[in-house]
Amino acid sequence: MLRLSRSIAYCRRSISTTSRIKEGWEAVIGIEVHAQLNTKTKLFSDSSTSFNDAINTHVSTIDAAFPGVQPRLNDHAVELAVKTALALNGNVQTYSTFDRKHYFYPDLPQGYQITQQREPISRGGYISLTELDGSEKTMRIGIHQLQLEQDTGKSFHEMRPGETLLDLNRAGTGLMEIVTMPDIRSSYQAGLLVKKLQNILQWIGSSKASMEEGSMRCDVNVSVNRKGEGLGTRCELKNLNRIKVLSMAIDAEIRRQIELIESGEKVVVETRRYDEENDTTYKLRDKETAPDYRYMAETDLPPLVLTQDFIDSVASSLPELPDVCLERIMKQYDLNVDHANLLLHEYKCVHYFEEACQGRNAKIVANWTLNELSGTLASHQLLFEDNPISVQRFGALIDLVQNRIITGNTGKDVIRLMINNPAEPLDIVKEKGWLRITDKATLQTLCNELMDKNTKKAESVKKGDPKLFKWFIGQAMGRTRGMADPTILNQVLCQSFGWNSFEEMLAAYESAKDNKSKKKTKKD
């Protein structure tokens, strides 16, 4: 139960929704996810894929739809789509085809999109939401199909009044459209589903799936009905680019539809957008239907035929999937669900962590990874994938602390320097003069100096005063800038005062107090 509650709390923080559907009503939700394929070139041309490169610098004659050009399918895109389908428990089709989906947007040079509406590369599949994902109960969200298609360019409507400017760098970039079944019943479940799909795509490497960069975008279909009645009329919410916004948009649309029906009005099929500032949805356009798109076979591309050997080869290349990995690292390294989720999903550094754990205490490595290393990277605005500290150097730093060569606080200072300093941590420590002082003779000299300068306090300690003993410890640590080994310093200082250990001094002090108390009682 504790594990479940911590998982739900972790997920609610990331999804940021607590809205409940009005009593007596239920929502039916399906999601279409468009994820850019992680290929170096576009789906049907040799132009490079790009993000934030100079405008219109990655546009070929194919991308711009010059007359007479012909598309050629990117083999790597096919491999990544198959990999994704298998990770989503889909049925990869050995035979699939391409279609033309006609609609006229300025950023779609062909006047149609090449897609796979009728014979997709994969059918079926599911994503499981479990307690570890934050779901209150285990459930499966079905996948209707996964299809390959090309992305559009970008339109800019507000840079020049009355004009639309186009950037075709994105035009023709490979997309996977992943369409779920209408199995989702709340904005929270929708957020969990998108978050988990994002993690899977990033984990297997088929897509960067960055909603901030636009390499993963969601459209959501929402309808409501009174419990026990038939399905309601659905509306589509377009281009939701953050999980929090997706959840908020669904809640707003559910409220709108319930209010319409309760006031005696009808929900009209249409495409809508979400206004985050006002927390409402508004009409974008009437919803197109299949006849509006005038689907037809793509005559310039032959059917895509895959052999079972190829599919099996891709399956064998799949890494351990996130659900399996999460369960394993929790058991293998005795991690709680929060730490496991952070390693796996938030920082995506499980492999780094596991390598650093070789021959080391996993709890200690997790603490250094999730607190000191991640904090240092964040302060330099670096993602974990851009981490300049190798596993070997990171492990060496932990060893310095655990072997008592440096203090924990010194280790924190060293890791901050390691971001921009490629030297070994021990070399940094030596250069800075941060080696822990373990030499008893050196510490004995220091203790003697402090006792000679503070004779009254020293006499009190010899009588067993623990508070003043700690004062001497603080003075010694200050003089050594925290570099004295606290265990050895404690031993040396005790012996300087004539005690074998702090415990012996404390026992003598307590005994003296008891004797004094007994004498006073007898006098009374």
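Residues numbered from 1 in each chain as written. Predicted model: local features only at pLDDT ≥ 70, side-chain atom pairs only at ≥ 80, totals over all residues. Heavy atoms only, no water.

(A) Just the nonpolar core, in detail. Residues Ile31, Ile121, Ile178, Val194, Val220, Phe353 and Phe394 are the most contacted members of the largest nonpolar core, which totals 107 residues. Considering each element in turn, this core owes the most residues, 10 residues, to helix α3 (residues 187–204). Met451, Leu468, Phe469 and Leu493 belong to the second-largest nonpolar core, a separate cluster that totals 22 residues. (Core = buried A, V, L, I, M, F, W, Y, C linked by side-chain atoms within 4.5 Å. Buried < 20%, exposed > 50% of the residue type's maximum accessible area, 1.4 Å probe, protein only. Helix = DSSP H or I, 4+ residues; strand = E, 2+ residues; numbered from the N terminus.)

(B) Up close: helix α14 (residues 440–453). Compared with an ideal rise of 1.5 Å per residue, which puts 14 residues at 20 Å, α14 spans 20 Å between its outermost C-alpha atoms and is within 8% of the ideal. Among the residues of α14, Leu443, Leu446, Cys447, Leu450 and Met451 are the ones counted as buried. When α14 is viewed along its axis, its buried side chains cluster within an angular range of 135 degrees and face the same direction. Projecting away from the buried face of α14 at angles above 90 degrees are the exposed residues Ala441, Asp452 and Lys453. Contact partners of the buried residues in α14: α15 (455–462), α16 (466–479) and α17 (486–496). (Expected span 1.5 Å × (residues − 1). Arc of directions from axis to C-beta. Contact = heavy atoms within 4.5 Å.)

(C) Just the side chain of Asn221, in detail. Mapped onto the elements, Asn221 comes out in strand β12 (residues 216–226). Here Arg234 takes part through its side chain, which lies 3.0 Å from a polar atom of the side chain of Asn221. Setting aside its immediate chain neighbours within four residues, Asn221 contacts Val28, Ile29, Gly30, Glu32, Arg234, Cys235 and Glu236. (Polar contact = N/O pair within 3.5 Å; in protein donor to acceptor, adjacent residues only side chain to side chain.)

(D) The arrangement of the sheet that holds strand β16 (residues 296–297) in detail. What the three strands build is an open sheet, ordered β5-β4-β16; its pairing is antiparallel. Edge positions in the sheet fall to β5 (112–115) and β16, since each has one partner strand and no second. Taken together, the four bridges between strand β4 (residues 99–102) and β5 define a ladder with antiparallel strand orientation. Counterpart to Lys101 in the pairing with β5 is Gln113. (Pairing = 2+ DSSP bridges.)

(E) Focus on the packing of aromatic side chains. Under the definition given, this model contains 10 aromatic pairs. When the ring of Phe472 is compared with that of Phe497, the centres are 5.3 Å apart and the planes differ by 65 degrees; the resulting orientation is edge-to-face. On the criterion of sequence distance, the pair formed by Phe472 in helix α16 and Phe497 in the loop between α17 and α18 (502–523) is long-range, its members being 25 residues apart. A residue is classified by how much of its surface remains accessible, and Phe497, at 5% relative accessible area, is buried. In this arrangement the basic side chain of Arg140 is found over the ring face of Tyr126, its NZ or CZ atom lying 3.8 Å from the centre. Positioned above the aromatic ring of Trp471, the side-chain terminus of Lys457 is 4.9 Å from the ring centre. (Phe/Tyr/Trp six-rings, centres within 6.5 Å; stacked < 30°, edge-to-face > 60°. Lys NZ or Arg CZ within 6 Å of the ring centre and 35° of its normal.)

(F) View of the pattern of salt bridges. Taken as a whole and assessed by the stated rule, the structure comprises 28 salt bridges. With its nearest N and O atoms 3.0 Å apart, the salt bridge here joins Glu298 to Arg100. Highlighted residues: Glu298 in the loop between β16 and β17 (304–305) and Arg100 in strand β4, separated in sequence by 198 residues. Per residue, the accessibility class of Glu298 equals that of Arg100, and both read buried. With its nearest N and O atoms 3.8 Å apart, the salt bridge here joins Glu459 to Lys462. On the criterion of helical spacing, the pair formed by Glu459 and Lys462 is a turn pair, its members being three residues apart in helix α15. You can call Lys462 partly exposed: its relative accessible area is 38%. Connected via shared salt-bridge partners are Glu253, Arg256, Glu270 and Arg272. (Salt bridge = Lys/Arg side-chain N within 4 Å of Asp/Glu carboxyl O.)

(G) Structural detail: a nonpolar patch on the surface. Taken together, Ile405, Leu426 and Leu435 make up a surface patch of nonpolar side chains, about 200 Å² in accessible area. Within the secondary structure, Leu426 is located in helix α13 (residues 425–432). Overall, Leu426 belongs to the partly exposed group, its relative accessible area being 30%. (Patch = residues over 30% accessible without salt bridge, like charges linked within 9 Å, V, L, I, M, F, W, Y side chains within 5 Å. Areas by Shrake-Rupley, 256 points an atom, 1.4 Å probe, with all protein chains shown as cover.)

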